[in-house]
Amino acid sequence: RDMLARIIYGGQVSIAIGLVGTLVSVLIGILFGSLAGYIGGKTDYMIMRVVDVMYGLPYMLIVIILMAIFGANIFNLFVALALVSWLTVARVVRGQIISLKNSEFVEAARSMGASTGRIIVRHLLPNTLGVIIVFSTLRVPQFIMQEAFLSFLGLGISAPYASWGSLLGDAVDAMSASPWRLFFPALAMTIFLFAMNFLGDGLRDAFDPHSKNRQ
């Protein structure tokens, strides 16, 4: 089978897994992190204790168990990766919200009668957007690598679908006789990793209000 066609098609699947998984995990992390940081008190304590407990569990083992129970398909892979990958996002967002919630513009919005949801969505989250975007662009390659690991174990993408991870898993057995089968999918993953890092740096500079004032 044509290697270039499989790399292109596998890239579509891998990038889709990275983007959708990152989007879901970031949305979950923003929801819990913003509530914990702004409301504080018992809400913050309960959410952070759940995060601490889940941090203490083996991350990939949970994903492997979920994939083994519910089956190895693309949808279950999205769900398994997203459910256990929002923890760091929640902590990052919580820290940003805590540092901003006593600012003057938040106090002004609160004195005008703005609700908690409006203050979080309209005032606090836009000021944390740069950090969230940069972190999200770094999560996409991590999702792709995790999918590659699961596909290597036979718990990720399976035939007739293909991804960069499944191509790497198929190429391991014939690595000595056909090294290009391993080289080119790995090269595609590496190029995409660098591209996402450069994209994250560019978006951070675009959304950071302080960087616009630099000479």
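Our subject is the structure listed above.
One structure accompanies this document, and this report is about it.

Quick notes on the rules
- Residues numbered from 1 in each chain as written.
- Predicted model: local features only at pLDDT ≥ 70, side-chain atom pairs only at ≥ 80, totals over all residues.
- Heavy atoms only, no water.
- Buried < 20%, exposed > 50% of the residue type's maximum accessible area, 1.4 Å probe, protein only.
- Helix = DSSP H or I, 4+ residues; strand = E, 2+ residues; numbered from the N terminus.
- Core = buried A, V, L, I, M, F, W, Y, C linked by side-chain atoms within 4.5 Å.
- Contact = heavy atoms within 4.5 Å.
- Phe/Tyr/Trp six-rings, centres within 6.5 Å; stacked < 30°, edge-to-face > 60°.
- Lys NZ or Arg CZ within 6 Å of the ring centre and 35° of its normal.
- Patch = residues over 30% accessible without salt bridge, like charges linked within 9 Å, V, L, I, M, F, W, Y side chains within 5 Å.
- Areas by Shrake-Rupley, 256 points an atom, 1.4 Å probe, with all protein chains shown as cover.
- Salt bridge = Lys/Arg side-chain N within 4 Å of Asp/Glu carboxyl O.
- Axes fitted to C-alpha atoms, helices over the stretch in contact; angles between N-to-C directions.
- Parallel < 35°, antiparallel > 145°, perpendicular 65-115°, else oblique.
- Nonpolar A, V, L, I, M, F, W, Y, C, P; charged D, E, K, R; others polar.

Most of helix α9 (residues 164–172) sits out of view: seven of its nine residues are buried. Among all positions of α9, only W164, G165, S166, L167, L168, G169 and A171 are buried.

For the rest of this paragraph, the subject is the nonpolar core. Counting 14 residues, the largest nonpolar core has I30, Y38, V93, I97, I119, L124 and L125 as the members making the most contacts within it. Taken together, the elements giving at least two residues each to this core come down to α1 (3–39), α5 (87–100), α6 (104–111) and α7 (116–124). Ranked by the residues each element gives to this core, the list is headed by α5, at four residues. In this structure, L125 is in contact with I30, S34, V93, I97 and I120, ignoring residues within four places of it in sequence. Formed by 13 residues, the second largest nonpolar core is a distinct cluster that contains V13, F78, A80 and L150.

Let's shift gears to the packing of aromatic side chains. Overall, the coordinates contain four aromatic pairs when judged by the stated rule. Consider the rings of F183 and F184, whose centres lie 5.2 Å apart with planes at 75°: the pair is edge-to-face. Taking NZ or CZ as reference, R49 lies 4.9 Å from the ring centre of Y45, over its face.

Further remarks concern a nonpolar patch on the surface. Nonpolar side chains collect at one region of the surface, where W180, F183, F184, L187 and I191 lie side by side and expose about 520 Å² of accessible area between them. Inspection of the secondary structure assignment puts L187 in helix α10 (residues 180–207).

In this section: the packing of α1 against α9. Remark: α1 packs on α9, axes separated minimally by 7 Å, with the N-to-C direction vectors making an angle of 130°. It follows that α1 is oblique to α9 by the angle criterion. Here R6, I7, G10, G11, S14 and I15 of α1 lie close against α9, whose contacting residues are W164, G165, L167 and D170. Taken together, the residues of the contact of α1 with α9 sort by class into four nonpolar, four polar and two charged.

Between side chains of opposite charge, pairing is possible as soon as their charged atoms come close. Applying the stated criterion across every chain yields a total of four salt bridges. Two residues, R94 and D44, come together in a salt bridge whose shortest N-O distance is 2.7 Å. Here R94 is found in helix α5, whereas its partner D44 is found in helix α2 (residues 41–55), with 50 residues between them in sequence. D44 sits in the buried class, given a relative accessible area of 13%. One salt bridge connects D52 with R91, and the closest N-O pair in it is separated by 2.2 Å. Of this pair, D52 sits in helix α2 while R91 sits in helix α5; the two residues are 39 residues apart in sequence, bridging distant segments of the chain.

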